Amino acid sequence: MQKTLKVYKRLAQFPLGKRIFSKMVCVLTPYFSSIKPVITELDHGYCSVSIKKRRAVTNHIKTVHAIAMCNMAELSGGLLTEVSLPDNTRWLPSGMSVQYLKKAKTDLVAVADGRNINWEEEGDKIVPVEIKDINDEVVFTAQINMNVKKL
């Protein structure tokens, strides 16, 4: 878990490092590659992921598809969880509730903020995620249930 954060911090120092790290994540979890994410920030309790609005992630009304935003939320919440837990634990997402608040007409940024979560204890953790457009308006929110167990 801390290994993931160490790799991110090392790569993020270089001009294309965040993109390289993002590609590595997509190799390990191929479904995320469908949205072509860039992990823009990653630290204990915090993760942000951006995507470009492009045809492949849009729906019939030319806004970013709801499932593309779910994908962003799961990626940011999962990475946050991965780097926040002690090494003697494992985690699995066990549920997600979402709200679509506005049409997503621009590039997007998903922010998972778990700085107020106690990562040292086992059990279910609710990871909040907000997705904003380029006008800083929240277009989508998610609450992701992460089941955390000690090894």
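Residues numbered from 1 in each chain as written. Predicted model: local features only at pLDDT ≥ 70, side-chain atom pairs only at ≥ 80, totals over all residues. Heavy atoms only, no water.

### Observations regarding the packing of aromatic side chains
This is how it is decided: Between the rings of Phe, Tyr and Trp (Trp by its six-membered ring), a pair exists once the centres lie within 6.5 Å; its type follows the angle of the planes, with under 30 degrees stacked, over 60 edge-to-face, and the other angles tilted. Segments assigned H or I by DSSP are reported as helices when at least four residues long, segments assigned E as strands when at least two residues long, and all are numbered from the N terminus. Relative accessibility under 20% of the residue-type maximum defines a buried residue, over 50% an exposed one, and the middle range a partly exposed one, all with a 1.4 Å probe and only protein chains included.
In total, this model carries two aromatic pairs according to the counting rule given. An angle of 55 degrees between the planes, with centres 5.4 Å apart, marks the rings of Tyr100 and Phe140 as tilted. Taken as a pair, Tyr100 in strand E3 (residues 89–100) and Phe140 in strand E6 (residues 138–150) lie far apart in primary sequence, 40 residues in all. Taking relative accessible area as the criterion, Tyr100 reaches 45% and is therefore assigned partly exposed. On the accessibility criterion, Phe140 (0% relative accessible area) is buried.

### Remarks on the environment of Lys52
Stated formally: Contact criterion: two residues are considered in contact whenever any of their non-hydrogen atoms come within 4.5 Å of each other.
On the secondary structure map, Lys52 appears in the loop between strand E2 (46–51) and helix H3 (66–84). Residue classification places Lys52 among the exposed residues on the basis of a relative accessible area of 53%. It is 7.9 Å that separates the C-alpha atoms of Lys52 and Lys36, two residues lying 16 residues apart in sequence. Excluding anything up to four places from it in sequence, Lys52 contacts Val57 and Asp107.

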